[in-house]
Amino acid sequence: MKSNDIILGILLENPATGYEIKEKFSTSFSNFYNASFGSIYPILHKLTQENKVAFKTVVQEGKPNKKIYSITKKGKIAFQQYLRQPVEGEKIKWDFMVRLFYSKYLTWPERLGLIDSETTTRKSEIQSLTILRERLRTQHIDQYQLFCLNLGIKQKELVINELQELKRNIGLDGKENNKEVVT
């Protein structure tokens, strides 16, 4: 999966500006894919050169002109080909997990802070996804899009539950499983 595949999918549903595409990455796809403005515009330029995307310029008074991108027939074919390819294996980069893996080199309060920080982050993400889900329910959202949002919420809830269990195992005395913590 590449950002250009997702951009084609976004444009298949509706024409959009670069900003609106970035908003999709920040909201609907935030649970499972991330892209920055710095990557979106070069991809749109490349897709335009490949005739998979076209744009029209809208002149605005007192503001810079904006480009509204739409998918072409060639882009639709490319997106359909992407959908029919075998699914790629999941690639995960989760900085918290690397830090937790090596947290025996942290003090107990640092370790606890790491866990609490990740719990707070996940709770915030759940809140954002829940708000998004409710907003999208009033708009057009299909059962598959709703499934993706719900799964993201459940995954984050699972992480929180497991982190809470880990904290219970650590105990209040700074000892884990009755062994001294390595510092």
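Residues numbered from 1 in each chain as written. Predicted model: local features only at pLDDT ≥ 70, side-chain atom pairs only at ≥ 80, totals over all residues. Heavy atoms only, no water.

Caption draft 1: Inspection of the overall build of the chain at higher detail. Along the chain, the regular secondary structure elements total 7 helices and 4 strands. Traced from its N-terminal end to its C-terminal end, the chain shows the element sequence α-α-α-β-β-α-α-α-α-β-β. What you see for the chain is a C-alpha radius of gyration of 21 Å, clearly larger than the 16 Å of a compact globule of 183 residues, by over 25%. Over its C-alpha atoms, taken along the principal directions, the chain stretches across nearly 65 × 35 × 35 Å. A fraction of 55% describes how many contacts in the chain between residues 6 or more apart in sequence connect residues 24 or more apart. Element-wise, carbon and sulfur atoms account for 54% of the exposed surface of the chain, whose accessible area totals about 12800 Å². Charge separation in the chain, taken as the distance between the mean sites of 29 positive and 21 negative side-chain charges, equals 7 Å. (Helix = DSSP H or I, 4+ residues; strand = E, 2+ residues; numbered from the N terminus. Rg over C-alpha atoms; globule rule 2.2 N^0.38 Å. Contact = heavy atoms within 4.5 Å. Areas by Shrake-Rupley, 256 points an atom, 1.4 Å probe, with all protein chains shown as cover. Lys, Arg positive; Asp, Glu negative; His and termini not counted. Charge placed at Lys NZ, Arg CZ, Asp CG, Glu CD.)

Caption draft 2: Representation of the packing of helix H1 (residues 3–13) against helix H4 (residues 73–84) in the model. Orientation of H1 relative to H4, taken along the N-to-C sense of each, is 120 degrees, at an axis distance of 9 Å. On the basis of their axis angle, the class for H1 and H4 is oblique. Of the two possible hands of crossing, H1 and H4 adopt the one that is left-handed. Contacts from Asp5, Leu8, Gly9 and Leu12 in H1 reach Gly75, Lys76, Ala78, Phe79 and Tyr82 in H4. Taken together, the residues that form the contact of H1 with H4 break down as 5 nonpolar, 2 polar and 2 charged. (Axes fitted to C-alpha atoms, helices over the stretch in contact; angles between N-to-C directions. Parallel < 35°, antiparallel > 145°, perpendicular 65-115°, else oblique. Left-handed = near helix turned anticlockwise from the far one by under 90°. Nonpolar A, V, L, I, M, F, W, Y, C, P; charged D, E, K, R; others polar.)

Caption draft 3: The arrangement of unusual backbone geometry in detail. Residues other than glycine seldom take positive phi values, yet asparagine 51 does so here, at roughly 60 degrees. Inspection of the secondary structure assignment puts asparagine 51 in the loop between helix H3 (37–49) and strand S1 (53–58).

Caption draft 4: Just the packing of aromatic side chains, in detail. Summed over all chains, the structure comprises 5 aromatic pairs. Plain terms: the ring middles of phenylalanine 79 and tyrosine 82 are 5.8 Å apart, the flat faces sit at 40 degrees to each other, and that makes the pair tilted. Highlighted residues: phenylalanine 79 and tyrosine 82, both in helix H4, separated by 3 residues, approximately one helical turn. If you follow lysine 67 out to its NZ or CZ, it ends over the ring of phenylalanine 55, 4.4 Å from the centre. (Phe/Tyr/Trp six-rings, centres within 6.5 Å; stacked < 30°, edge-to-face > 60°. Lys NZ or Arg CZ within 6 Å of the ring centre and 35° of its normal.)

Caption draft 5: Representation of the environment of leucine 12 in the model. Turning to its location among the elements, leucine 12 is positioned in helix H1. Since its relative accessible area comes to 36%, leucine 12 is described here as partly exposed. On a C-alpha basis, the gap between leucine 12 and aspartate 116 in space is 40 Å, while along the polypeptide they are 104 residues apart. Excluding its chain neighbours within four sequence positions, the residues that come into contact with leucine 12 are Ile71, Lys76 and Phe79. (Buried < 20%, exposed > 50% of the residue type's maximum accessible area, 1.4 Å probe, protein only.)

Caption draft 6: Summary view of H1. For H1, the buried fraction is high: 9 of the 11 residues fall into the buried class. All of the buried residues along H1 are Ser3, Asn4, Asp5, Ile6, Ile7, Leu8, Gly9, Ile10 and Leu11.

Caption draft 7: Up close: the side chain of arginine 122. In this fold, arginine 122 is placed in helix H6 (residues 108–137). Here arginine 122 falls in the buried class, since its relative accessible area comes to 11%. There is a polar contact of 2.5 Å between the side chain of arginine 122 and the side chain of glutamate 118. What arginine 122 contacts, discounting residues up to four positions off in sequence, is Trp94, Lys156, Val159 and Ile160. (Polar contact = N/O pair within 3.5 Å; in protein donor to acceptor, adjacent residues only side chain to side chain.)

From the geometry alone we can't say anything about function, so treat these as descriptive.
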